[in-house]
Amino acid sequence: MLCLPCGGVYFFEFVSCSASVVTGVLLVVFSLRLHAKVPHVNWSLTDLVNTGACTFFFFLSSIVLAALNHNSGAEIAAVIFGFLVMCVYGFNTFLAVQQWRKGDGRSGATQPGEYTRARTASRGEVEAQPELQ
């Protein structure tokens, strides 16, 4: 079928595929606890930006697809799916904002005091610090 005004469908497909890939990568990073190995990244803020952007783009692409669809069953189902996914990402954005406000998101970083004590203990200077004995 020749599809000249399919810009809404293509935009919706791009948004849904991009959101799936980025969210999938973040899911793997968090599931395998790889975020603990890269402490310089604020992972709470990264999750917040991802969920916020996905919420916005699903809202936008669902409106565009609702306005430019051909009233086929698949396009109507995609519009409904888009608004439902937008609600789920919106709720996740709310949770990510709360997580971001709680801490700095660098859960894998060690405290400077722990590193200093471990380094000092490895040099044999344990006698100077009675709390390590």
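Quick caveat: nothing in here was measured; it's all calculated off a predicted structure.

### Digging into the overall build of the protein
Next, step 1: Assigned secondary structure in the protein consists of four helices and zero strands.
Next, step 2: Reading the protein from its N terminus to its C terminus gives the helix and strand order α-α-α-α.
Next, step 3: Buried residues in the protein amount to 26% of all 133 residues.
Next, step 4: Taking as baseline every contact in the protein between residues at least 6 positions apart, the subset at least 24 positions apart corresponds to 72%.
Next, step 5: Of the roughly 9,000 Å² of accessible surface on the protein, a fraction of 68% belongs to carbon and sulfur atoms.

### Description of the nonpolar core
Next, step 1: Within the largest apolar cluster, twelve residues are counted, these being Val9, Phe12, Val15, Ala19, Cys54, Phe58, Leu65, Ala78, Val79, Val85, Met86 and Tyr89.
Next, step 2: Secondary structure elements with two or more residues in this core: α1 (7-31), α2 (43-68) and α3 (73-102).
Next, step 3: Broken down by element, this core gets its largest block of residues, five residues, from α3.
Next, step 4: Non-local contacts of Met86, meaning those with residues more than four positions away in its chain, are made with Thr55, Phe58 and Phe59.

### With respect to the UniProt feature "transmembrane region" (unreviewed entry) in the protein
Next, step 1: As recorded in UniProt, the feature "transmembrane region" (unreviewed entry) lies at residues 12-36, 48-70 and 76-97.
Next, step 2: Structurally, residues 48-70 is divided into 91% helix and 0% strand, and its ends, taken at the C-alpha atoms, are 34 Å apart.
Next, step 3: End C-alpha to end C-alpha, residues 76-97 measures 31 Å, and it is 100% helix and 0% strand.

### Comments concerning the environment of Ala19
Next, step 1: With respect to the helices and strands, the residue Ala19 is situated in helix α1.
Next, step 2: If we ignore the near neighbours within four places in the chain, the residues touching Ala19 are Cys54, Phe58 and Tyr89.

### What to know about the packing of α1 against α3
To characterise two packed helices, one gives the angle between the axes of the helices and the distance between these axes.
Next, step 1: Relative orientation of the contacting elements α1 and α3 amounts to 40 degrees, with a least axis distance of 12 Å. Once α1 is placed against α3, the crossing between them reads as left-handed. The segment α1 lies against α3, with Val9, Phe12, Ala19 and Thr23 engaging Glu75, Ala78, Phe81, Gly82 and Tyr89.
Next, step 2: Residues of the contact of α1 with α3, tallied by class, amount to six nonpolar, two polar and one charged.

### Section: the confidence of the model for the protein
Next, step 1: Model confidence for the protein is summarised by a mean pLDDT of 82, while 74% of its residues fall at 70 or above.
Next, step 2: Low pLDDT, under 50, characterises residues 107-113; the stretch is placed with four contacts to residues that sit more than four places away or in other chains.

### As for the packing of aromatic side chains
Next, step 1: One pass over the structure, following the stated rule, counts seven aromatic pairs.
Next, step 2: A centroid spacing of 6.1 Å and a plane angle of 75 degrees characterise the contact between Phe12 and Phe58, whose relative ring orientation is edge-to-face. Of this pair, Phe12 sits in helix α1 while Phe58 sits in helix α2, and the two are 46 residues apart along the sequence. Taken individually, Phe12 and Phe58 each receive the classification buried, so the pair is uniform in this respect.
Next, step 3: Among the aromatic residues, those joined into a cluster by ring pairs are Phe12, Phe58, Phe81 and Tyr89.

The rules we used
Residues numbered from 1 in each chain as written. Predicted model: local features only at pLDDT ≥ 70, side-chain atom pairs only at ≥ 80, totals over all residues. Heavy atoms only, no water. Helix = DSSP H or I, 4+ residues; strand = E, 2+ residues; numbered from the N terminus. Buried < 20%, exposed > 50% of the residue type's maximum accessible area, 1.4 Å probe, protein only. Contact = heavy atoms within 4.5 Å. Areas by Shrake-Rupley, 256 points an atom, 1.4 Å probe, with all protein chains shown as cover. Core = buried A, V, L, I, M, F, W, Y, C linked by side-chain atoms within 4.5 Å. UniProt positions renumbered as here; feature names shortened; annotations may be inferred. Axes fitted to C-alpha atoms, helices over the stretch in contact; angles between N-to-C directions. Left-handed = near helix turned anticlockwise from the far one by under 90°. Nonpolar A, V, L, I, M, F, W, Y, C, P; charged D, E, K, R; others polar. pLDDT = per-residue confidence, 0-100. Phe/Tyr/Trp six-rings, centres within 6.5 Å; stacked < 30°, edge-to-face > 60°.

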